[in-house]
Structure formats: C-alpha cells, structure tokens
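Structural overview
So you can see what is in the structure, the chains are spelled out below.
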Amino acid sequence: MFPMHLEKVYEPQRFEPRWAQWWVESRLFECRTDAPGTVFSLVIPPPNVTGSLHMGHMLEHTEIDATIRWRRMLGYKTLWLPGTDHAGIATQMVVERELAKEGLDRRRLGREEFERRVWQWKETYGGTIKRQMIRLGASCDWSRERFTLDPGLSNAVREVFVRLYEKGLIYRGEYMVNWCPRCQTALSDLEVVREDTPGNLWHIRYPVNGLDRFLVVATTRPETMLGDTAVAVNPRDERYLGLHGRTVRLPLMERDIPIIADELADPEFGTGVVKVTPAHDPNDFEAGRRHNLPKIQVIGENGSMTSEAGRYAGLDRFEARRRVVADLEDLGLIEKIEPYQVALGKCQRCKTVLEPLVSTQWFVRTKPLAEPAIRAVEQGRIRFIPETWTKVYFEWMHNIRDWCISRQLWWGHRIPAWYCADCSATTVARTTPERCPRCAAPRLEQDPDVLDTWFSSALWPFSTLGWPEDTEDLRTFYPTSLLITGFDILFFWVARMIMMGLECTGEVPFREVYIHGLVRDAERQKMSKTRGNVIDPLEVTEKYGTDAVRLALLMGAAPGTDIVLTEERMESARNFANKIWNAARFLFLNMERCGVTPCLPEPGEREMLEDRWIFSRLTRCAEAANRALEQYRYHDLAQALWQFLWHEFCDWYVEIKKLRFRENSGLTADWRNVLFVFERALRLLHPAMPFLTEELWQRLAAGEAARPASIALAAYPQPDAPYLDEAAERDMALLQEIIIAVRNLRAQMKVDPKAPLEGALYAQNRALDLARGHAEVIRRLANVELSFHAGTAPRGEGVLRATPDFDLVLRVPATQLEALRRRLEKEIRQLESVIASSRRQLEDREFLSRAPAHVTEGIRSKLADYEAQLIKSRSALEALPPA
RNA sequence: GGGCGCGUAGCUCAGUUGGUUAGAGCGCCUGCUUCACACGCAGGAGGUCGUAGGUUCGAGUCCUGCCGCGCCCACCA
C-alpha cells in the first residue's frame, strides 16, 4: 500500500497516543547541557501529586508546550522541567479520608506508619499527572522530573531553613495564628479565604463595679467574652474619661476585669467600648501585649470550649455561642441584637470557620526578603505579562506580613529544629544532631511540625536543578527564562519564588512571568467540581482529539482575558484539523497518482500568480506566528494559522492548483511548490497542534534520508523577505474580486450553479491582462464564460457589477432583479455617506494642517475610488430594466 | 474600606502606540452530495462599540461622571 494513504475522516485517536509514546521513548525532549544554542528554560508549576489534570492545567500546559516547542524549533537549548508537589494539607486530607473508610485514623496509626501510607498512596496515584501530561503532548524532559519531597529537594529545603535561621530571617515565637480546628494546624494568612456571612452584632451589658451603670460592648462572637480580660475605651473618648482604671464585672464568669484606655477602641463605632479577648482576636492580642493582660484561652484547638470556659467547657464553640447568648438574655444583659455582615475567615482547603489562636509557630521574616524582590521587578529584571500584574505584585509586596511556615501535619518537610529535653535549647541544623550543642545532653527531640508546602515550592526553580550543589544543570539552566502560571498563585508561589531565588542564589528565578487567564464554561462560569460544570480534559481529548482541544484553548487565550471553552469551539477546532487532514489527503492522492514519492522538496520555479501569492502569504503567516508566540498572543497564533491554512491555502491555492493538475492531467512541475508550502505550514502549526502535524509530516518526510527525526526538531519557518510579493498579492486580490463578484451575482440571481453563465469583463491595462491571463481560473472557479474588453462597459450594456478596476456584464434572466436593485441602492447609499464624510474632512482646514500626510493622502485616494465606484453603481442601477 | 478588570454582531470574544467603510469563530438565512473534506463548498444578513460629557483636526481606542457585572486585597469589635 502507498505509504501516504490517509483515511477519509480525521481520527486523531488512531495516532495521538502513538506519537505521545514515541516522543517519550525516543527521548526527543531531553536536553543535554552541552547542546548547542542559547538556553531557554522553564520549570513547570508543579501540580498536586495526588491530583489529576483539569482544564486549567491543560490550558497552562498547552501554552507552555506551544512556547517550548517553538523555542526548540528556533534552535534554542530548550528545557521544560516537569514534576509534582507533595501538597501537604491536600494530600494528607485525601489519605486521611481513605483511612477513615477503613475505620482508621492517623493518630492511631502513628506517624511512621501514616507517612508510609502516604508514600504508598503517592506511588499508586502519583503517576496520573505524568501519564496525562504525556497523553496531552507535553514536550518536557522526563529525565529531569522532580518531586518536592525528593532527597535533593529536601536537602535544599533544609539548607534554606538553616541559612535563614542563622541570618535571623526565620524565627519561632508565640503569636496569634489562623487555626483550622478541623485540619488541626496553623495556616498562613494566604490560606484564609474570607467570606461575607450574615451574622449578628450582639450588644452586651457589662456592669461597672462601684457605679450603678453598664458599659455596653458590641461583639460578633459573644462566646469569646468568657475569655475577656479587659474592656477598652478610646483614651480621647470623653464619655468614658472617668472610668479609666475602674473595673467591670464580667457576666457569666463573674470576674472583675479592668477598663483600659487604648486606641483599639474606635469612638465612632458602636458604643465606643470594646471587649478585649487577647487569646481569640488578633487586635485584642496586640492590645493585650500593650497592657500586659492575661490571655485566657476558652476555645481549644479542636474548636470546643476549654476548661477555662467554666460551665461551657466541652461545648462546641457555636453551641457555646447560643448558650452564652441565651444566658445573657435571661440575665437581661443583652441590650440589642443587630444583623451584621461579617467577613468570616475559612480554611482554604476544608472551608471550616477558622479560629484565631495563640500558639508557638515558626515564621519567615519577610520584609528583608521582599525588598530585593520588589527591586528586581522595578528594575525590569523580571517582567510580568500582562503588565497589569506588576501593580498587584507591588501592592502585596509592600504590605507583606510575616509568613507562618509551620504546619501541624505529618506529610511534608519536617522542620530541622531539635529541642533539648534537659536545657530546652533549640538547635537548628542541616544534619540530625546527636547531642545538645549547649549542654551535651543526648536527649533531643525534633520539632514535630512540617513546613508549609509553599516553602519548598518557593525553591522549585533552583532546587530542581540541583541547588545547593553547583551542578551543571544549575549553571546551564538557571535563571530560568520564563514562568507561565495562573494569577491565583501569584502571592502563594510567584512572589515567594522571587524572594527565595534572590536570597538563595542572588539571581532572579525567571526573567518573564506570563500570567494566563481562567478557563470558563459556556456561561462564563468558573469551572468547579461543586458547580458540576468541569470539562474533563481526557474526556474531550478522547472525543475531539488533543490537538483540537489545544487549538480551542489557544483560540481564546488572549492575554489578560479568561478563556471560554465550549463544545462548539472544540468542535470547530476539530473541523479545522479535519480540513488540514483532508488537504493532506488530497495532496497525497495526487502524488500517488503521479508516482511522486514522499519528500520534503525544495520549491520549484514560481511562475504562476498563485505560487507567487501563496509564498508571499506564507511569509506573512510566518511573521505573524513568530510575533504572536514572542508576545504570548496565542489567540493571534491560532487566528493567523487558521486564516492561512484554511482560507488561503485550501480555499484558493489548492482550488487553483486543482485546475492546474487537471489541465496537465496530474501534478505539474509546480507540485514542489504545493508540497513546500504545505510542509512549511505544518511546521508553523506544530507548536499548536503537535500530533496532527507530526503524523502528516512523518508521512511526507518518510522518503528523506537526511532529515530531523521529528517535525518537533525541524526549524520553525521565519519570514522570508524574497518571498514577499506585493504585486502578486494585489493581482490575486483583484482576481479574487472578479471571481467573487460573479459568484455573488449568480447567487443573487438564483442562477443554477451548474449552468454556465455568459458575460463580458471590461477593464484597463494591467487588470485586463491579468483577467485574460487567468481566463481559465475565472472560468472554472466562477463557472462563467467571459469575453474580455479594454476600457469600460458602454452605457446601457447591463453592467451588473462595477468596481474601480473592472465592469462586469452578465447575461442573466430578467427575473430576480429586485434583489439586485435593492443591493445597488444600498451600496449607493453607503457610498454617498462615506463620500460625504470624506469630503467634509478634506475641506476642513484644521484637519489638513494637523493630520499627517499619509492619512490625508489615504483619504484622498480612497475618495477617488468611492467616487468612481459611485458613478458606476449609479449607472448599473439605471441600466437595470424597470421593475 | 482600598485596588484591578470588564461591558464591541444572536452567543463567546479579538481589536498592539487614537488615523483611511469595525474583525473572527460559532449560530442564523439562501443555494449546492463540484471526483480532499457535509467535521464540507459557495453566497448572504447582522454592530449609532453600556451611558452622559470632555480632550482632539480625528475616539471602539485617551480623560471624567453614571449604570451594570466580575475579581483581588483589608485586623475595626
């Protein structure tokens, strides 16, 4: 069988998995450090190891892959480093849920056994991401795949921790943190999601000791009153000047607590009196420090009331709230209850209402790290695209707060700190110490906590390349060239990578950051599991083909915008792939018929107008594609390729070539041109649609001995100045105009498409020569038999279509003229209005003196065209037989 | 409470520094089984660019107010 035989219908399922596998097996994308070329490197934003890919990943990976493939084809030494993140809380939650199904929990299992179970889980499900990425065509270097808990990366984590500790940039202390009672761990500020929730503002009366009056405090959390250790008034608030130093009787607890003067109380808000609960509110915590107030913790780590809560001990915090309010009401101490919106802090992962608690945690002092990170962006050493994210970055960095990095979890990087059981000294070290450096006691206990997942992610661009060792990889690929990621992790990840990269390596981790949009569904809704509107990449990939989904994503991926992904869009992208497939099929069938063997030909002579034209258009397409990729304008890339391949190559070039083939009963010498252009177009398309292009290209190249192993290693076509041919583009446009004019009239006259029309074309010089020279093309593509004449059509000839370049006279049945008449009238109306406004402009002295010459000249020459057109349209209308 | 973004054809969106009848895909209408493709071919309709002002010789594009929508950040009980 001929090697180039293609099935009639494009069925990507037949070949996509095959190429995906081959790309990996042939190690095509493994990058040697001694390879030639300038470096272009990028590290993947590591997906959660236990997860599976969603559309957001697919968008991200498609954009990365298109860029990486393009750079590789440009000859760069190109690395896309893949890998996954251990995702502390998320993974631990998943495994705990599994354990729960077996009736187990991690505490009963013990730390060691639990960790073993998580690793086991990782081994079983951690490969999903990789398999999916391979299937989606990601051209990454799997020999350099990394996981944040790999030994090397763990080593980097420890190194950074120790260095920062020694520099005083990591400290341990007792502060108020966001505590998740369900996850049983502290969280950083970023892991708190605020949700506006309807609640109440309870106004509670506190009796003032020694006076017959109350102070009324307002609170959204009445249960915390059990832990009040003061009430505060503003020092300048004249209403309460006399009360400073007095005490109030704390209801329910029957404790006396002082009235303090502090800025905490805003005289404008409520009664101007605020209860102070240093153990359960960040502001109160600070106030408590200022006034040396005791902290009474009434809510425990599990979210229920502690023994300090008296008779409420053991109750869930929300139940305690109900009871406290009820009891206060019984005592007549509730002044009023107002409905009130509160921004409740919830756990990002499990949506449990967080509890601010005082606890001892590890923190990163961020200010000293933020300053160089801000400067790097200010100085343009890192550039955000779209630029608008720069502002967001600065905003956050300027107001950065210390980062709580300890988590009370078991899955992650254990904090390298040991506490001596004898002298209680803290030792932070790279390797596990045998004895306490201070008192030499051997009884050391390692801190049980692990680090925030994002701590290791922050090191990703260099820890994956071997840091802190001075490796060949690090020297070659760091700093990386580009980061492509989503705005949702700008603070979590991007900002911290910049801080850590500068601190640890003295260099920026990447030079550019392209921030992509969100994938949304047809209703512009964010895709989410709870909404049930997720599109599963593997499902649609199976249905439409990976290439089609990739193209559908790219078509919508304009910088700074979200990406709307619909079935229709994927379907039309699939149709595009099918179109390319069939164009190839047509070419291959003709080659087969003429005994041309598969090859990558040099171009033949360009004698024919259509050859000169398509080469010129190819060059413009190459220009547009390169520019689009350079600027991350993926939608422009898709658009340029679509326009060129479908509407220029297929619709016109191949259609004309069909005639040539037929004239010569087969391929003529110019088959070289057809194949040449098609092969170049495949290469241009490859970054967007790697599978289809590889499949077709391999068939084309089958007979070539000296050739790259894959289209992925072929050169990306560059604009080729000698191919630019303005005259050919102008002539082709005119030829198209003539053909379209005839087709248009035929359709309007409702002439049977199969019945040949007869007519005459009047034109001057160049246009006339052109039309005469392409009489056969016009005849076949428009199904019209034209005679050609110099000059313009005589009056009364029945001109049906007139342009500045030609008059077209067609013999058509005198029926159906009404539609034509209306059309001409409309055309005349439009022309008149454009001419009027152009004239007005050209008579405006202000305009003439201020507008640049090329604008006025442009308008002047257009006006001449409009006027000529108007005259012709008017005479065409007059020449129509009366209705 | 601050900050950002959006409102362009029935739908989803482009429109790079203000400049010459505002574009695409899908959908819609008409006609075609033309020997690569009906996942197709040919033709067509459809927009006073949210609104009111302003700057300018010239505004979809720049500025201001307003209306509608979305997002991010924020310790005021």
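For the structure itself, consult the block above.
Here we summarise the structure given alongside this text. (Residues numbered from 1 in each chain as written. Chains lettered and ligands numbered in written order. Predicted model: local features only at pLDDT ≥ 70, side-chain atom pairs only at ≥ 80, totals over all residues. Heavy atoms only, no water.)

Our focus in this paragraph is the nonpolar core. By size, the foremost hydrophobic cluster in this structure holds 216 residues, and its most contacted members are Met 55, Met 397, Phe 455, Phe 649, Phe 678 and Leu 696. The element that contributes the greatest number of residues to this core is helix α20 (residues 634–663), accounting for 16 residues. Beyond its immediate chain neighbours, meaning those up to four positions away, Phe 649 contacts Leu 587, Ile 614, Phe 644, Val 654, Val 674, Val 677 and Phe 678. Among the nonpolar cores identified, the runner-up in size contains 32 residues, and Leu 215, Tyr 240, Leu 250 and Leu 315 belong to it. (Core = buried A, V, L, I, M, F, W, Y, C linked by side-chain atoms within 4.5 Å. Buried < 20%, exposed > 50% of the residue type's maximum accessible area, 1.4 Å probe, protein only. Helix = DSSP H or I, 4+ residues; strand = E, 2+ residues; numbered from the N terminus. Contact = heavy atoms within 4.5 Å.)

In this section: empty space enclosed by the protein. Overall, the coordinates contain five cavities of 30 Å³ or more when judged by the stated rule. In this structure, the largest cavity spans a volume of roughly 60 Å³. Taken together, Asn 744, Leu 745, Leu 800, Arg 801, Ala 802, Leu 820, Arg 823, Leu 824, Glu 827, Gln 869 and Ser 873 form the lining of the largest cavity. Secondary structure elements with two or more residues in the lining of the largest cavity: α23 (726–749), β28 (799–802), α26 (817–843) and α28 (853–879). Counting residues per element, the lining of the largest cavity draws most heavily on α26, which supplies four residues. Across the lining of the largest cavity, the residue classes break down as five nonpolar, three polar and three charged. One number sums up the size of the second largest cavity: a volume of about 50 Å³. If you go around the second largest cavity, the residues you meet are Leu 618, Thr 619, Ala 622, Arg 680, Pro 717, Gln 718, Asp 720 and Tyr 723. For the lining of the second largest cavity, the class distribution of residues is four nonpolar, two polar and two charged. (1 Å grid on protein atoms, 1.4 Å probe; cavity = no way out; pocket = protein on both sides within 12 Å on 5 of 7 lines; lining within 4 Å. Points joined across faces, edges and corners; volume = space filled by probe spheres on them. Nonpolar A, V, L, I, M, F, W, Y, C, P; charged D, E, K, R; others polar.)

With that settled, the discussion passes to the packing of aromatic side chains. If you walk through the whole model with that rule in mind, you get 36 aromatic pairs. Ring centres 5.8 Å apart and planes at 65° place the aromatic pair Phe 114 and Trp 410 in the edge-to-face group. Placement of the pair is Phe 114 in helix α5 (residues 111–125) and Trp 410 in the loop between β17 (406–407) and β18 (417–420), with a sequence separation of 296 residues. When sorted by exposure, Phe 114 lands in the same class as Trp 410, which is buried. Through a chain of ring-to-ring contacts, three or more aromatic side chains come together here, namely Phe 161, Tyr 165, Trp 362, Trp 403 and Phe 455. Directly above the ring of Trp 23 sits Arg 69, whose terminal nitrogen or CZ lies 4.4 Å from the centroid. (Phe/Tyr/Trp six-rings, centres within 6.5 Å; stacked < 30°, edge-to-face > 60°. Lys NZ or Arg CZ within 6 Å of the ring centre and 35° of its normal.)

With that out of the way, let us pick up the sheet that holds strand β9 (residues 230–233). A sheet is described by the order of its strands in space; here four strands give the open sequence β10-β11-β9-β12, paired in mixed fashion. Each of the sheet's edge strands pairs with one partner strand only, and the pair in question is β10 (247–250) and β12 (273–276). On average, each strand axis in the sheet is tilted by 30° relative to the strand beside it, whichever way the strands run. (Pairing = 2+ DSSP bridges. Axes fitted to C-alpha atoms, helices over the stretch in contact; angles between N-to-C directions.)

Here we come to the protein's contact with RNA strand B. For RNA strand B, the set of nearby residues contains 61 residues, the closest of which are Phe 269, Asn 283, Arg 524, Thr 561 and Asn 578. A breakdown of the atoms of RNA strand B within 4 Å of the protein gives sugar and phosphate a share of 57%. In this structure, a sugar or linking oxygen belonging to RNA strand B sits 3.1 Å away from a side-chain N or O atom of His 635. A distance of 3.4 Å separates a phosphate oxygen of RNA strand B from a polar atom in the side chain of His 647. Put simply, the parts of the chain that give the surface near RNA strand B at least two residues each are β8 (214–219), α11 (388–398), α18 (567–594), α20, α23, α26, α27 (845–850) and α28. In terms of residues, the surface near RNA strand B owes the most to one element, α18, which gives eleven residues. Classifying every residue of the surface near RNA strand B gives 23 nonpolar, 16 polar and 22 charged. (Near = heavy atom within 4 Å. Polar contact = N/O pair within 3.5 Å; in protein donor to acceptor, adjacent residues only side chain to side chain.)

The next subject is the pairing of strand β26 (residues 757–763). The buried fraction of β26 amounts to six of the seven residues, a majority that puts the element mostly inside the structure. Where β26 and strand β27 (residues 784–790) come together, seven bridges link them in parallel fashion. Counted as the bridge partner of Gly 759 is Leu 786 from β27. Bridge count between β26 and strand β29 (residues 806–811): six bridges; the pairing is antiparallel. Paired with Ala 763 across the strands is Phe 806, a residue of β29.

Before going further, it helps to spend a moment on the pattern of salt bridges. This structure, assessed with the given rule, holds 67 salt bridges. One connected set of salt bridges, linked through shared partners, spans Arg 221, Glu 223, Arg 317, Arg 321 and Glu 355. (Salt bridge = Lys/Arg side-chain N within 4 Å of Asp/Glu carboxyl O.)

A word on the sheet that holds strand β7 (residues 192–207). One open sheet accounts for three strands, arranged β8-β7-β13; its pairing is antiparallel. In the strand order of this sheet, the two ends are held by β8 and β13 (334–347), each with one partner. Each strand axis lies, on average, 20° off the axis of its neighbour in the sheet, ignoring direction. In the sheet, β7 pairs with β8 via six bridges, with the strands oriented antiparallel. Note that in β8 the partner of Pro 207 across the bridge is Phe 214. Packing of helix α9 (residues 317–330) onto the sheet brings it into contact with β7 and β13, and relative to β13 it is tilted by some 170°.

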